[in-house]
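Observations on the model geometry
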Amino acid sequence: MNLDILDRGLEKSLSSETEAQEYEKQYKWLEAAEIYEQLASAQSATPDTAADTWHRAGFCFHLASRQTSDHDTFTKLNEKAVAAYTTAAFLFDQAKISGKHSLNTAFAKYTSAWQANTHATKTQLLEECYRTGIQALETFGAEGDEANYSVVCTILQRCAFQQLKYALSGEDKRKIAEEGIKYSDKAISAIRLSNKEALI
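Residues numbered from 1 in each chain as written. Predicted model: local features only at pLDDT ≥ 70, side-chain atom pairs only at ≥ 80, totals over all residues. Heavy atoms only, no water.

1. Here's the deal with the environment of Ser 184
Let me state the cut-off plainly: In this description a helix means any DSSP run of H or I spanning at least four residues, a strand means any run of E spanning at least two, and both kinds are numbered starting from the N terminus. Only heavy atoms matter for contacts: two residues are in contact if any of them lie within 4.5 Å across the pair.
Topologically, Ser 184 is positioned in helix α8 (residues 170-193). Remark: the alpha-carbon pair of Ser 184 and Gln 157, spanning 27 residues in sequence, is separated by 5.9 Å. The contacts of Ser 184, once residues within four sequence positions are left out, are Gln 157 and Phe 161.

Next comes the structure, spelled out in structure tokens:
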């Protein structure tokens, strides 16, 4: 393949990614998500790069779903978020990047829980989110990856507070709330130690 064509493709990709990041700064999540989705589809030759982009698409699709008051649109965007996270998890698994595989699996379960039809289904999804989130936390902790460690703590905190709605006793609610607060504190500590400027 001609190197000029490769260079133009790279420039276009970088330009599109910058455009998506600008949309994110403006809270235009759907516009950003659609660009990331297109980029990820074009990055099939580099699975780990595509996986990171699919993760970003999932994040933006989920936030876009929360900007609409139309139920059908919410469902469609949330499903696209789940699909993007699931694709990211698969690609990270193929690349043998276990921490990010578990992280994206946790995000997929948490996002799926938003449209669960029954309490039992939602509880099961949140439990699966928690389990895979703990796996990711252990991996990132062992690797000293404070940035992704904080991301996992954030999803675990959200997962805990979603579970509060379904706790049957005051004691259960207390334990779940304590878990949520614990992971909130861990996320803050990890962010302070991280040298990353932006965390999801």
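2. Considering the packing of helix α2 (residues 29-42) against helix α3 (residues 47-65)
Our working definition: Axis lines are fitted to C-alpha atoms, over the contacting stretch for helices. Their N-to-C directions set the angle, which ranges from 0 to 180 degrees. Here roughly perpendicular refers to angles of 65 to 115 degrees, roughly parallel to angles under 35, roughly antiparallel to angles over 145, and oblique to all remaining angles. Should the near helix be turned counterclockwise from the far one by less than a right angle, the crossing is left-handed, whereas a clockwise turn marks it as right-handed. As a working rule, the residues Ala, Val, Leu, Ile, Met, Phe, Trp, Tyr, Cys and Pro are called nonpolar, Asp, Glu, Lys and Arg charged, and the rest polar, with Gly in that last group.
Contact geometry of α2 with α3 gives a least axis separation of 8 Å together with a crossing angle of 155 degrees. Taken together, α2 and α3 sit at an angle that is classed as roughly antiparallel. In the crossing of α2 with α3, the sense of the turn from one axis to the other is left-handed. In contact with Trp 29, Leu 30, Ala 32, Ala 33, Glu 34, Tyr 36, Glu 37, Leu 39, Ala 40 and Ser 41 of α2, α3 contributes Ala 50, Thr 53, Trp 54, Arg 56, Ala 57, Phe 59, Cys 60, Phe 61, Leu 63 and Ala 64. Of the residues that constitute the contact of α2 with α3, the class distribution is 15 nonpolar, 2 polar and 3 charged.

3. Regarding the pattern of salt bridges
Rule in force here: Just to be clear on terms, a salt bridge is a Lys or Arg side-chain nitrogen sitting within 4 Å of an Asp or Glu carboxyl oxygen. The buried label applies to any residue whose accessible area, calculated with a 1.4 Å probe on protein chains only, is under 20% of its type's maximum; exposed applies above 50%, and partly exposed to all values in between.
Under the defined criterion, the tally for this structure stands at 8 salt bridges. The shortest N-O distance in the salt bridge between Lys 25 and Glu 22 comes to 3.3 Å. One end of the pair, Lys 25, and the other, Glu 22, are both in helix α1 (residues 3-25), 3 residues apart, so they sit about a helical turn from each other. Glu 22 gets classed as partly exposed once you look at its relative accessible area, which sits at 36%. One salt bridge connects Arg 56 with Glu 24, and the closest N-O pair in it is separated by 2.5 Å. Of this pair, Arg 56 sits in helix α3 while Glu 24 sits in helix α1, and the two are 32 residues apart along the sequence. For Arg 56, a relative accessible area of 22% gives the class partly exposed.

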